[in-house]
Amino acid sequence: MSGAPFERPEPTRRDVDDELALHLELRTAELIDEGLSPEEARAEALRLFGDPASRGAEVHRIDRREARRRRWRGVVAEWLGDLRHAARAVARRPLFAAAAVAILTVGIGANTAVFSLVDAVLLDPLPYADPDRLLILSSADAEGTFSVSEQERLRYRSEREIFSGVGTWTFGPATIQGDGEPERVEAAYLDAATFAVAGLELVAGRPFTEAEDAPGTDLVVVVTEGYARRRLGGAGTAVGRELLIGGRPLTVVGVLAAEARLPGDFAGPPSEVYLPLGLDAAAPDPRNIHYLTAMARLAPGVDRAAAVARLGIVARELEQSIAALPDDFRIEAIPIREEVLGPFRTGAVLLLAAVALLLLLACTNIAGLLLANTEARHQEYAVRAALGAGAGRLARHVLAESTVIAALGGLGGLALGYLALRGLVAASPPSLPRIGAVGMDWRVVLFGIVATGLAATLAGSIPALRLRHRDLASVLRSDGRGLTGGRVRHRVRRVLVMGEVALAISIAAGAGLVLMSWRNVTSVSPGFEIGGTLTAQLSLPAASYPDRETRWRYYRDLLARLDEAPEVEAAGVVSALPLDSPAGDWGFLIEGRPPVPEGERKPFADRYIVSDGYFEAMRVPLLEGRTLTPTDDAEHPPVVMLNRAVADRYWPNGGALGARIRLSTDLDPVWREVVGIVGDVRSKGLEQELRPEFYFPHAQFPASTGGSAFGTMSLVVRAGGDPSALTGTVRAAVREVDPTIPVSRVQTMSSVLESTLSVRRFQLLLLGFFAVAGLGLVAIGVYGVIAFLVEERRTEFGLRMALGSNRTDVLRLVLVDAARLGLPGIALGLLGAVTVGRLLRSTLYGVDALEPWVLVGVAGLVLAVIVGASLTPAIRAARTDPGAALAPE
């Protein structure tokens, strides 16, 4: 036991003043001896010595500073001594130390890994200049939000009082040809203003100019730093190179920084080439097709509220000037951070809350272990108190032990967090933004240190406070039994276990709700047969395939070659793959019906372009009529197919088959006969409501819809066996028709489904891990408390058995006591589970936030864990030998 080191007391100000006065008098006397008069000697001494008051204050400050340093050195020396003593004490109890360190390792490791993930995804700044001034502009009506049209884009650019600039873009594939195999890459088609509006950083070269963005002059390209390294030898050599994109030679004028990207690039494969949008500002597309994303930078002095108010007026004016816009048209102005990170913010907050609860659960468990350890060492602490150690000194020793344990747990937690982080990244959904930037840096390490310090404080404070309020002298007087006898003394440990149970119930309930949501989602039928289908995406360059006829001919020849392969049962193409690429809705007219009144929405459905063989390859059930055939081409009467949702909505009494419809715009003015009705397909995902859909034959749909939807198609091939074995067949067929066409995104429909469920799987894995860890910690905590109670009630059990109780009675007594220990915690945990359910409400599918089966099931599971953890000490109690137990008495 170490005491405080000797400290020289601080001198009083009077002592300092007396000493300075003495020095001044001695100096004056010396000067008098040298021949000066007393007055002259006094003045000269003051000049040489300085003002005594200021000198005294300076000496006092120096002495106080030295005294503080001595005190801090003493405190540090004492604390280091406590840590050394605590380390030896922990080493003497390896099982206790291993359990405590393992518990903290799990808690701190999980927190560190999740913090790393959240820090990279949500907390790192977005790669834009002053991102708080950026807004994403979207069109909206009662059905939801949708993209911006060219006319709307020009109007937004004219609002110079609220916006200093507006940039627009759209995404699409690009085919890069040249040496070797042609390559399909993700591309962004943007106007020149976007670079300045977003503040996108270039590492070499320059962005393209407004002149290079004009129609017919778009012969330049900006590539990303990653693409420059991968294909062009690096950023330094990329500028000036020529790339053959879409059959046209384009010059690389700039290289975009690796971290720079457009908002839409965060949630999927990022664009690798940036091409001029090439829109004609003098003659925007009159059809008002919505396909652009708009980003606006607020003008100086303008806030978002003012911009939203002005956009409300602009929306009314656009509604009057553009006939195709609905009466409830509005303009959404969403901050760019919310646009990029908003869908993940709630999940990240819930994830942080879950790991915080897990760490709290771990700290509570460690506190229980330290408390039990402290009570088991009551004799040692009583002797130390008798030798002069105060209660505060003993409490500090307990805190030192918790610090040693927390430090070891922190080191293990950082190591476990690094490994867990790699697993998180591997299991994370591809739509999670900036997942590639996740890693452990100094902020993560700092977070781990802070979590370790917090764990040490929380875990050590309860036993330390308990020790401060104990009458340790009574332990020696009662022959060592005063500290541990009786149930009342275990109230604190019981409360800790109740808290552990409550926290575990809350986490497990969240995992149960997510598990039920997963079961409900995966039980939804997609409307087609998932297994046995291979998909691939093909993009035809506009230079080689400039019109509908050439593109239709290419896909016709490709499908013919695939149909000849014996391993292929059916093949077709579709403009947007189910579950993966949702299409936009289009209004249509029904022949023979009166026009829709002004202000009401016309009939609408999502538009898909398909070929013959598509429904057979996907095995979408045919309900009425027929499917498409090779004769449904430009030389035969125009036809269309509907899904059941369209037929039921607009022909509730039947009669859809044989009816005639046409698009409500001039895009496709011909009337088309409905020749077939197919089952509903979950095109936008298993969790989305069924949508009305119509299907146009690929060979009949007009080329004026735009080249992107018509040239880029998804190939679907039905295999007789393993669909992945068709990869070589598909690639060979594509090479035979045109070796310059790249094949990309080759995957089975099972893989597509897995990708759409990746977010839910990620949630389930994380919450499942937290739930299992929480239940494990509860089991450890309950086992520790019951084991101590059994040991301390050994005499009682011996007396009961001596008086006639059998082993079954004792076993039942301990298990009932354990159940009673957990019931209050279960009740509190169910209240916490209600809160967790409400927080998860927006992520649930087909499950109520207060699902009774989940609450009852989780409560029963935790009760079973409590009883199971108590079984071993209960059996030990039932085997008590009455003679041996009563001998000491």
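Refer to the structure printed above.
In this text, all values refer to a predicted model and were calculated from it rather than measured experimentally. (Residues numbered from 1 in each chain as written. Predicted model: local features only at pLDDT ≥ 70, side-chain atom pairs only at ≥ 80, totals over all residues. Heavy atoms only, no water.)

Participant: Before we move on, can you summarise the environment of Pro 742 with the specific residues and values?
Facilitator: You can see Pro 742 is positioned in the loop between helix H20 (727–737) and strand S22 (743–748). A sequence separation of 204 residues divides Pro 742 from Leu 538, and the C-alpha atoms of the two residues are 6.6 Å apart. Among all residues touching Pro 742, those that are not within four sequence positions of it are Thr 175, Pro 182, Glu 183, Arg 184, Gln 537, Leu 538 and Ser 539. (Helix = DSSP H or I, 4+ residues; strand = E, 2+ residues; numbered from the N terminus. Contact = heavy atoms within 4.5 Å.)

Participant: So what about the pattern of salt bridges? Which residues, and what values?
Facilitator: Where charged atoms from two side chains of opposite charge approach closely, those side chains can pair. Throughout the structure, instances matching the rule amount to 28 salt bridges. Notably, a salt bridge pairs Glu 317 with Arg 155, separated by 2.3 Å at the nearest N-O pair. Of the two residues, Glu 317 is situated in helix H9 (residues 304–321) and Arg 155 in helix H5 (residues 150–158); the sequence distance between them amounts to 162 residues. With a relative accessible area of 34%, Glu 317 lands in the partly exposed category. Put simply, Arg 316 and Glu 319 hold a salt bridge, and the shortest N to O gap is 2.7 Å. Here the residue Arg 316 and the residue Glu 319 both occupy positions in helix H9, the gap between them amounting to three residues, near one helical turn. The partly exposed category is assigned to Arg 316, whose relative accessible area is 38%. Judged by relative accessible area, which is 13%, Glu 319 ranks as buried. It is possible to trace a salt-bridge network through shared partners that takes in Arg 155, Glu 159, Arg 310 and Glu 317. (Salt bridge = Lys/Arg side-chain N within 4 Å of Asp/Glu carboxyl O. Buried < 20%, exposed > 50% of the residue type's maximum accessible area, 1.4 Å probe, protein only.)

Participant: Explain the pairing of strand S4 (residues 183–190) to me, and be specific about the residues and the numbers.
Facilitator: Put simply, side chains in a regular strand alternate between the two faces of the sheet. In terms of residue burial, S4 counts as a mostly covered element, since six of its eight residues are buried. Two strands pair when backbone bridges link them, and strand S3 (residues 163–177) and S4 are joined in this way by eight bridges, in the antiparallel orientation. Directly across from Ala 174, in S4, lies its bridge partner Val 185. For S4 and strand S9 (residues 273–276), the ladder comprises four bridges, and the chain directions are parallel. In the strand pairing of S9, Leu 190 is matched with Pro 276. (Pairing = 2+ DSSP bridges.)

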